[in-house]
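One-letter residues, chain by chain:
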Amino acid sequence: MNTDTLEELCSTLERQAAIFEICGETIDVDLHLKASAGLREALAEIQRLRSDAAMLPEVLAEMQRLRSDADLHLKTSDALRDALAEIERLRCNADLHLKTSDALRDALAEIERLRSDADALSLANAETERLRPEADAELHRGKVDHGMSNPATTFWAIDWFLKLLDPYNKKNKPK
């Protein structure tokens, strides 16, 4: 909008008010002065709005930057929320893995204990087998010396000893 034209109009109204004052027409004078004052206020407002409008591109650019920052913050917030959920899921999995690890450690200890027992049992069986011929010979001598004629009673001591060494024998387990 061309403000120079409005400036000229204000000046013209003021000159006409001066002419009407000389002529003695007070109503026209007031009317022209009020119109001139209103136009001057309008010009001042236009000037203020123009200076505000000059800042408008900067304000729009700042608004765009803030909107972009807000979008970035929202995306970051969503990513952090997802990361927190993943951390909680991993924490639950870690607890489960720790419990499983403890159970596996206990199972390995039990396996090692059983392996040790099996090795000891194997050694005891080997020793029993090594001693069996001597025991048979000794029992045979004892039978001959004591007159034992029942072969079932001959090996009862060896069978009892073998059952004692084999705690996993099903016949010895309580029901």
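See the structure above.
Residues numbered from 1 in each chain as written. Predicted model: local features only at pLDDT ≥ 70, side-chain atom pairs only at ≥ 80, totals over all residues. Heavy atoms only, no water.

Asker: What is the right way to read the overall build of the chain from this model?
Answerer: A tally of regular secondary structure across the chain gives three helices and zero strands. Sequence-ordered secondary structure for the chain, helices as α and strands as β, is α-α-α. Counting only residues that meet the buried cut, the chain has 10% of its 175 residues in that class. For the chain, contacts bridging at least 24 residues in sequence account for 58% of all contacts bridging at least 6. (Helix = DSSP H or I, 4+ residues; strand = E, 2+ residues; numbered from the N terminus. Buried < 20%, exposed > 50% of the residue type's maximum accessible area, 1.4 Å probe, protein only. Contact = heavy atoms within 4.5 Å.)

Asker: Please clarify how the pattern of salt bridges should be interpreted in this entry.
Answerer: Side chains bearing opposite charge may pair, as long as their charged atoms lie close to each other. In this structure the tally under the stated criterion is 15 salt bridges. Notably, a salt bridge pairs arginine 65 with glutamate 62, separated by 2.6 Å at the nearest N-O pair. With arginine 65 and glutamate 62 both in helix H2 (residues 26-146), this residue pair falls three residues apart, about one helical turn. Accessibility expressed as a relative area gives 40% for arginine 65, which makes it partly exposed. Measuring nitrogen to oxygen at the nearest pair gives 2.4 Å for the salt bridge that ties arginine 130 to glutamate 127. In this pair, arginine 130 and glutamate 127 are both assigned in helix H2, three residues apart and thus about one turn of the helix distant. (Salt bridge = Lys/Arg side-chain N within 4 Å of Asp/Glu carboxyl O.)

Asker: Just to check I follow, could you spell out the nonpolar core for this structure?
Answerer: Across soluble globular proteins, you tend to see nonpolar side chains buried next to one another. Of all hydrophobic cores here, the largest spans six residues; its members are Leu6, Cys10, Leu13, Leu39, Leu43 and Ile46. Beyond its immediate chain neighbours, meaning those up to four positions away, leucine 13 contacts His32, Ala35, Ser36 and Leu39. (Core = buried A, V, L, I, M, F, W, Y, C linked by side-chain atoms within 4.5 Å.)

Asker: Can you walk me through helix H1 (residues 3-23) in this structure?
Answerer: Helical geometry: 3.6 residues make up each α-helical turn, so side chains three or four residues apart lie on a common side. The end-to-end C-alpha distance of H1 is 30 Å, a good match for the 30 Å that 21 residues give at a rise of 1.5 Å each. Along H1, the residues that are buried comprise Thr3, Leu6, Cys10, Leu13 and Ala17. Considered in projection along H1, the buried side chains sweep an arc of 65° and stay on one side of the axis. Turned more than 90 degrees off the buried face of H1, the exposed positions are Asp4, Glu8, Arg15, Ile22 and Cys23. One or two steps after H1, the chain reaches glycine 24, where phi turns positive at roughly 90°. (Expected span 1.5 Å × (residues − 1). Arc of directions from axis to C-beta.)

Asker: Looking at this model, I keep getting lost on the side chain of histidine 32. Mind explaining?
Answerer: Summarising the element assignment, histidine 32 is placed in helix H2. What histidine 32 contacts, discounting residues up to four positions off in sequence, is Leu13, Gln16, Ala17 and Phe20.

Asker: How do you make sense of a nonpolar patch on the surface when you look at a structure like this?
Answerer: Nonpolar side chains collect at one region of the surface, where Met55, Leu56, Val59, Leu60 and Met63 lie side by side and expose about 440 Å² of accessible area between them. Tracing the backbone through its elements, the reader meets methionine 63 in helix H2. (Patch = residues over 30% accessible without salt bridge, like charges linked within 9 Å, V, L, I, M, F, W, Y side chains within 5 Å. Areas by Shrake-Rupley, 256 points an atom, 1.4 Å probe, with all protein chains shown as cover.)

Asker: In this structure, what is going on with the side chain of serine 36? I would like to understand it.
Answerer: For serine 36, the location among the structural elements is in helix H2. Given the relative accessible area of 2%, serine 36 is considered buried. With residues near it in sequence (within four places) discarded, serine 36 still touches Cys10, Leu13 and Glu14.

Asker: What is the right way to read the environment of alanine 35 from this model?
Answerer: Secondary-structure assignment places alanine 35 in helix H2. The exposure class of alanine 35 is partly exposed, given its relative accessible area of 33%. Placed 22 residues apart in sequence, alanine 35 and leucine 13 show a C-alpha to C-alpha distance of 7.4 Å.

Asker: What is the right way to read the environment of glutamine 16 from this model?
Answerer: With respect to the helices and strands, the residue glutamine 16 is situated in helix H1. Separated by 16 residues in sequence, glutamine 16 and histidine 32 place their C-alpha atoms 7.2 Å apart.

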